[in-house]
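# Architecture and fold: a report
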Amino acid sequence: MKEKQQEIPTKPAKRRRKQLLKLVVTCFSWLGAAILYYCAFSIFFDTPMEYRLKHRADRMKQEYAALESRYDTLSLVLENLSERDRAIFRSLFESDPYDFDSEYEADRNATYEAMFNHSTRRLKRDLRERVNKMELEMKRLNESYQALQAEIERTGDASHHIPAIQPVINKQLSLLTTSYGMRIHPFYKTLQSHQGVDYAIPEGSRVFATADGKVKEVRRSSTSGQTVILDHGNGYETSYSHLSRISVMRGQQVRRGDIIALSGDTGLSLAPHLHYEVRLNGMRVDPIHYFFMELNPTEYQRLMRIAQSGMQAFD
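A quick note: this is a predicted structure, and the numbers were derived from the prediction, not measured. (Residues numbered from 1 in each chain as written. Predicted model: local features only at pLDDT ≥ 70, side-chain atom pairs only at ≥ 80, totals over all residues. Heavy atoms only, no water.)

## Quick notes on the overall build of the protein chain
Selection rule: For the purposes of this entry, the term helix denotes a DSSP run of H or I that reaches at least four residues, the term strand denotes a run of E that reaches at least two, and both are numbered from the N terminus. In this analysis, two residues are considered to be in contact whenever any of their non-hydrogen atoms come within 4.5 Å of each other. To be clear on the numbers: accessible area is Shrake-Rupley with a 1.4 Å probe, and residue cover counts the displayed protein chains and nothing else.
Counting its secondary structure elements, the protein chain contains 6 helices and 12 strands. Put simply, 65% of the contacts in the protein chain that link residues at least 6 apart link residues at least 24 apart. In the structure as shown, the protein chain presents an accessible area of about 22300 Å², 57% of it carried by carbon and sulfur atoms.

As C-alpha cells, then:
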C-alpha cells in the first residue's frame with residue numbers, strides 16, 4: 001500500500017513536465033519559423049526603411065556623379081588658368097613661380113595619412129591635447145585682445161593715423177606680386193633690397209590712403225615715377241609710386257580710404273603696378289604687418305605665405 005501511495009502523486013508531475021516540455025518545443029518551433037520567414041522575406045522583399053534607404057542611395061549616387069563631372073570640368077579650367085599664369089610669370093621673370101599652396105597641401109595630406117595609422121586611443125589623446133592647447137591659446141588671445149582694446153582706448157583718435165589697410169582693392173589676395181626683402185631687380189638682374197610691396201594692377205586702378213594724414217610730398221623721378229608721400233603723424237609715413245595720375249596736392253588733408261591717385265607704369269617699372277612703402281620713424285618696415293584692419297588671421301597667413309615665396313620685383 002505504501003508503494004502505491006508513493007506512485008500516485010508522481011504521475012501528475014510527469015504529465016506536467018511533458019506538457020511544459022511540449023510547450024517549450026512548440027514556442028521554439030514557432031520562433032524558428034518566424035525567423036526563417038523574416039529571413040526569406042528580407043531576401044526577396046524590401047522593408048519600407050530599406051526601400052527608402054536604397055532610393056536615397058541612388059539619388060546620392062546621381063548627385064555624386066553630377067558633382068564629379070562638374071569637379072572635373074572646373075579642375076580642367078583651373079589647370080588651364082594656372083598654366084596661363086605660369087606662362088605669364090615665366091615671360092615676365094624668366095623663372096618658374098613658387099608653388100607654395102601645393103607644398104602646404106602636401107604637408108597637410110601627409111599629416112592626415114599619418115593619422116590613419118594611429119590607434120583610437122592615441123587619436124583621443126592627441127585630440128585632448130589639441131583641445132587643451134586651443135583653450136590655452138584662446139585664453140592667451142583673449143588676454144591679448146583685452147590688452148589691445150585697452151591700448152586702442154588709450155590711443156583714441158591716433159589709431160586712425162596708423163596705415164592699417166591695403167592701398168588697393170585686393171579681396172582675393174592675388175594682386176601682391178613682390179614682398180618686402182631681398183629680391184632680384186628686373187632690369188639689373190642683381191639681388192637688391194626691396195623695401196616695400198608691389199601690387200600688379202591694371203593701369204588706372206584706384207589707389208587709397210591707408211590712414212589719415214597730410215600729403216607731405218608729390219614728386220616725379222626717373223626711378224619711382226610719379227609718387228605721393230603721406231605723413232600720418234606719430235612717426236608714420238606711406239609712399240605710393242609709379243602712379244599715372246595724382247588726385248591730391250601737397251599739404252592736403254586725407255582720410256583713410258580716400259582715393260589719392262591712379263596706378264600706372266611711370267619711372268623704372270617692368271609692368272603696370274603700385275609700389276607701396278610704410279616708414280616708421282624714418283625706417284622702412286614690412287607693410288604686410290600693417291594690414292590688420294582688413295585681414296583676418298587666415299588671410300594674413302595666406303598673404304605671408306605668398307610673401308615668403310621669394311618673388312622678383314617689378315621695380
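So that's the structure; there's more coming.
## Here's the deal with helix H6 (residues 297-307)
To keep things clear, this is the line we draw: Burial classes: relative accessible area under 20% of the type maximum marks a residue as buried, over 50% as exposed, and values in between as partly exposed (1.4 Å probe, protein chains only). Starting at the helix axis, one direction is taken to each C-beta atom, and the arc is that of these directions. Polar contacts here mean pairs of N or O atoms no more than 3.5 Å apart (in protein, one a potential hydrogen donor and the other a potential acceptor; neighbouring residues in sequence count only if both atoms are side-chain atoms).
Within H6, burial applies to Leu303, Met304, Ile306 and Ala307. Buried positions in H6, seen along its axis, are confined to an arc of 155 degrees and lie on one side of it. Exposed side of H6, more than 90 degrees from the buried face: Pro297 and Thr298 are the residues found there. The backbone nitrogen of Thr298 has a side-chain oxygen 3.1 Å away, supplied by the residue at the start of H6, namely Asn296.

## Some points on the confidence of the model for the protein chain
What counts here: Per-residue confidence from the predictor is reported as pLDDT, a score between 0 and 100.
Here the protein chain shows a mean pLDDT of 79. Residues at 70 or above account for 79%. Confidence drops under pLDDT 50 across residues 1-5; counting only partners more than four residues distant or on other chains, this segment forms 0 contacts.

## Examining the pattern of salt bridges
Test applied: Put simply, a salt bridge is a Lys or Arg side-chain nitrogen that is within 4 Å of an Asp or Glu carboxyl oxygen.
Applying the stated rule across the entire model yields 7 salt bridges. Residue Arg279 is joined to Glu277 by a salt bridge in which the shortest nitrogen-to-oxygen separation is 3.2 Å. The pair Arg279 / Glu277 is uniform in exposure class, with both members buried. Salt bridges linked by common partners bring Lys216, Glu237, Glu277, Arg279 and Arg284 together as one network.

## Topic: a positive patch on the surface
Going by this rule: Each patch is built from salt-bridge-free residues with over 30% relative accessible area, joining like charges within 9 Å and nonpolar side chains (Val, Leu, Ile, Met, Phe, Trp, Tyr) within 5 Å. Under the counting rule used here, the positive set is Lys and Arg, the negative set is Asp and Glu, and His together with the chain ends is not counted. In this description, the location of a charge corresponds to atom NZ of lysine, CZ of arginine, CG of aspartate or CD of glutamate.
A contiguous patch of positive charge on the surface is contributed by Lys14, Arg15, Arg16, Arg17 and Lys18. Note that Arg16 resides in helix H2 (residues 10-44). You can call Arg16 exposed: its relative accessible area is 53%.

## Some words on the packing of aromatic side chains
For the record, the criterion: Two aromatic rings from Phe, Tyr or Trp, using only the six-membered ring of Trp, form a pair when their centres are within 6.5 Å; if the ring planes differ by under 30 degrees the pair is stacked, by over 60 it is edge-to-face, and anything between is tilted.
A complete count under the given rule lists 2 aromatic pairs for this structure. Where Tyr236 meets Tyr290, the ring centres are 5.7 Å apart and the plane angle is 80 degrees; that geometry is what we call edge-to-face. You can see Tyr236 sitting in strand E8 (residues 236-246) and its partner Tyr290 sitting in the loop between strand E12 (283-285) and H6, a full 54 residues away along the chain. Across the pair, Tyr290 and Tyr236 agree in class, each one buried. Centroid distance Tyr240 to Tyr276: 5.3 Å. Interplanar angle 45 degrees. Geometry classified as tilted. Here the residue Tyr240 occupies a position in strand E8, and Tyr276 occupies one in strand E11 (residues 274-280), the gap between them amounting to 36 residues.

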